Amino acid sequence: MKQVRYGLIGTGMMGVEHLRNLEITPGAVVTAIADPVATSLGWAREALGERAADVRAFADGAALARSGLVDAVIVASPNHTHRAVLEPLFDADVAILCEKPLATTIADARWIVERAARSSRPFWTAMEYRYMPPASELIAQVHAGRIGRLQMLSIREHRFPFLDKVGDWNRFSRNTGGTMVEKCCHFFDLMHLIVGAEAVRVYCSGGMDVNHLDERYGGARPDIIDNSYTIVDFANGVRAMLDLSMFAEGAANQEEITAVGDAARIDVTIPDSVLTFSPRTGFGAPKRIERRVVPVDPAALAAGSHHGSTFYQHQKFIAAVRGEGPVEVTAHDGLMAVAIGTAAEISAREKRVVELAELGFE
């Protein structure tokens, strides 16, 4: 199997998760890491263990890009740095997996789409929630027509507050794009993929009501949404809804996805990994509910905190790098998730419906 040399830019929590998943990806070898923060580089070396001696460390991504040591680069640096980090990588002509969100602004995301289109190497936006095995199974069954014609899609994430990050960068929308971009781009990407059409309008009611209220950084108060309801209308008539709470870590499941068609309904819960299929029966008729557990590779579960999805994503990405499979999550997919998230941020702030046409999407 052809070996692929990997570089990693950004060695914080998500960067370390990538390292752990590359360790169990056949043919992947990490040859370079980059981060301006010594503590973060230390986390990477700890994750690499004995292999750290063979991995060259750089203070910035540009130096890594010039090194000639890598075939593919993972960008896991803070959201607002993505465009600047990507510039020398595009010039180096390496394969790129860029963490979500693609960028914090639509303008930067469009620039990335344009540069990726001119590159001869694969560019992949890291929307790993697609690859959670229960979500993947739901997507496959909806696309196969098992529920008939999809009409309604709902996603719930009830989870823990944002974690502490180096320099507390994730406490401010100017660095993250806002919660609806930073966190919820995953779910807007799932909507876009499952529905198979473009979003046309967004309404979001949300606010910062519980978390971070007493925190101050350089005298500034955090400004990130911690709960919201978002409704997205799609061009094909399907409606989708996201229910987000970031102060509900005690919930039995962190994610719940429900797709309802004109013939049946399908649900998945994560981390229970249970898929439930409920066909229509007619009023008063006995229900015919099917439930089963969707298996997840134990090694994939142990290597990260995203229900195995980072591992499965890496198997697809390395195939694309080798020319053995397609890029499944394009820069354009990343752009559309940023666009819906940006519309949701505007909607929550201005308390109005936002048309995607306002943002330049016809």
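Up top is the structure these notes are about.
Criteria and cut-off values
- Sequence order sets the numbering: in each chain, residues are counted from 1 along the sequence as written.
- The predicted origin of the model limits local features to residues at a pLDDT of at least 70 and limits the giving and counting of side-chain atom pairs to 80 or more, whereas totals for whole chains, interfaces and linings rest on all residues.
- Here the side-chain values reflect all heavy atoms present in the structure, with hydrogen atoms and water set aside.
- To pair, rings of Phe, Tyr and Trp, with the six-membered ring standing in for Trp, must have centres within 6.5 Å; the planes then decide the type, stacked if under 30 degrees apart, edge-to-face if over 60, and tilted in the middle.
- Whether a residue is buried, partly exposed or exposed follows from its accessible area with a 1.4 Å probe, protein chains only, as a fraction of its type maximum: under 20%, in between, or over 50%, in that order.
- Strands are runs of DSSP state E lasting at least 2 residues, helices are runs of H or I lasting at least 4, and numbering of each runs from the N terminus.
- Either the NZ atom of lysine or the CZ atom of arginine qualifies as a charge over a ring when it sits within 6 Å of the ring centre and within 35 degrees of the ring normal.
- The charge count includes Lys and Arg as positive and Asp and Glu as negative, but it does not include His or the ends of the chains.
- The salt bridge definition used is simple: a Lys or Arg side-chain nitrogen within 4 Å of an Asp or Glu carboxyl oxygen.
- Here a polar contact means two N or O atoms within 3.5 Å. Within protein one must be a hydrogen donor candidate and the other an acceptor candidate, and residues neighboring in sequence count only if both atoms are side-chain atoms.
- The rule is simple: put a 1 Å grid over the protein atoms alone, call a set of points where a 1.4 Å probe fits but cannot get out a cavity, call an open set with protein on both sides within 12 Å along at least five of seven lines a pocket, and count a residue as lining if it has an atom within 4 Å of a point.
- Grid points are joined across faces, edges and corners, and a volume is the space filled by probe spheres set on the points.
- Each residue is assigned to one of three groups, with Ala, Val, Leu, Ile, Met, Phe, Trp, Tyr, Cys and Pro labelled nonpolar, Asp, Glu, Lys and Arg labelled charged, and all others, Gly among them, labelled polar.
- We call a set of buried Ala, Val, Leu, Ile, Met, Phe, Trp, Tyr and Cys residues a nonpolar core when their side-chain atoms join them within 4.5 Å.
- Only heavy atoms matter for contacts: two residues are in contact if any of them lie within 4.5 Å across the pair.
- Note: two strands are recorded as paired if DSSP finds a minimum of 2 bridges between them.
- Between N-to-C directions, angles span 0 to 180 degrees; the directions come from axes that are lines fitted to C-alpha atoms, helices contributing only their stretch in contact.

Undergrad: Could you give an account of the packing of aromatic side chains, with specific residues and numbers?
TA: With the rule as written, the count across this model stands at eight aromatic pairs. Consider the rings of Trp 124 and Tyr 131, whose centres lie 6.4 Å apart with planes at 35 degrees: the pair is tilted. When sorted by exposure, Trp 124 lands in the same class as Tyr 131, which is buried. The interplanar angle of 85 degrees and the centroid separation of 6.0 Å between the aromatic rings of Phe 172 and Tyr 217 together place this pair among those described as edge-to-face. With Phe 172 in the loop between β7 (150–158) and α7 (173–176) and Tyr 217 in the loop between β8 (199–207) and β9 (227–234), the pair connects residues that are 45 residues apart, well separated along the chain. Residue classification places Phe 172 among the buried positions, given a relative accessible area of 6%. One aromatic cluster in this structure is built from Tyr 6, Trp 124, Tyr 131 and Phe 317. A cation over a ring is seen here: Arg 174 above Phe 172, with NZ or CZ 4.4 Å from the ring centre.

Undergrad: Help me get a handle on the side chain of Glu 99, residues and values and all.
TA: Along the chain, the position of Glu 99 falls in strand β5 (residues 95–99). For the buried Glu 99, no salt bridge is present, and the opposite-charge side chain at shortest range is Lys 100, 5.7 Å distant. One polar contact links Glu 99 to His 18, side chain to side chain, over a distance of 2.8 Å.

Undergrad: I'd like to hear about the layout of surface pockets, residue by residue, with values.
TA: Counted as a void, the second largest pocket has a volume near 200 Å³. Lining the second largest pocket are Thr 104, Ser 173, Gly 177, Gly 178, Val 181, Asp 223, Ile 225, Thr 342, Glu 345, Ile 346, Ala 348 and Arg 349. Take the lining of the second largest pocket: its biggest share by element is five residues, from helix α12 (residues 331–350). When its residues are assigned to classes, the lining of the second largest pocket shows four nonpolar, five polar and three charged.

Undergrad: Outline unusual backbone geometry, listing residues and values.
TA: Following Lys 100, the chain continues to Pro 101 via a peptide bond in cis, the omega torsion being -20 degrees. With respect to the helices, strands and loops of the structure, Pro 101 is situated in the loop between β5 and α5 (106–118). In this model, Ile 270 is joined to Pro 271 through a cis peptide bond whose omega is 20 degrees. With respect to the secondary-structure elements, Pro 271 resides in the loop between β12 (264–270) and β13 (274–279).

Undergrad: Could you give an account of the nonpolar core, naming the residues involved and the relevant values?
TA: Counting residues in each nonpolar core, the largest one holds 82 residues, and the members touching the most others are Leu 86, Leu 89, Ile 96, Phe 123, Phe 188 and Met 191. In terms of residue count, α12 provides more of this core than any other element does, ten residues in total. Look past the residues within four positions of Leu 89 in its chain and what remains in contact with it is Ile 9, Ala 65, Val 73, Val 75, Val 94 and Ile 96. Formed by 31 residues, the second largest nonpolar core is a distinct cluster that contains Leu 22, Ile 74, Tyr 131 and Val 321.

Undergrad: Please give an account of the sheet that holds β7 that cites residues and values.
TA: In space, the nine strands of this open sheet follow the order β14-β13-β12-β11-β7-β10-β9-β8-β15, with mixed pairing throughout. Edge positions in the sheet fall to β14 (290–293) and β15 (354–355), since each has one partner strand and no second. Strand direction decides the pairing type here: strand β11 (residues 255–261) and β12, joined by six bridges, are antiparallel. Looking at the pairing, Glu 256 lines up with Thr 269 of β12. Together, β7, β11, β12, β13 and β14 form the strand contacts of helix α6 (residues 133–143), whose direction differs from that of β12 by roughly 165 degrees.

Undergrad: Provide a residue-level description of the sheet that holds β5, including the pertinent values.
TA: Pairing is parallel across the open sheet formed by six strands, whose spatial order is β3-β2-β1-β4-β5-β6. Each edge of the sheet is formed by a strand with only one pairing partner; in this case those strands are β3 (56–58) and β6 (123–126). Taking the axes of each pair of neighbouring strands and ignoring which way they run, one obtains an average angle of 25 degrees across the sheet.

Undergrad: Quick rundown of the pattern of salt bridges? Include the residues and the values.
TA: Evaluated as defined, the whole model comprises 21 salt bridges. Its salt-bridge partner being Arg 156, residue Asp 243 comes within 2.9 Å of it at the nearest N-O pair. Here Asp 243, found in strand β10 (residues 239–245), pairs with Arg 156, found in strand β7; they are 87 residues apart in sequence, far enough to count as distant. In this structure, Asp 164 engages Arg 171 in a salt bridge whose closest nitrogen and oxygen atoms are separated by 2.9 Å. Classification of Asp 164 as exposed rests on a relative accessible area of 60%. Residue class for Arg 171 comes out buried when judged on its relative accessible area of 3%. What you see here is one network of salt bridges that share partners, running through Arg 130, Asp 189 and Asp 333.

Undergrad: An account of the environment of Pro 26 is needed here, citing residue identities and associated values.
TA: Structurally, Pro 26 can be placed in the loop between α1 (13–23) and β2 (28–34). Along the sequence, Pro 26 and Ile 112 sit 86 residues apart, while their C-alpha atoms lie 29 Å from each other.

All we've got here are geometric facts, nothing functional implied.
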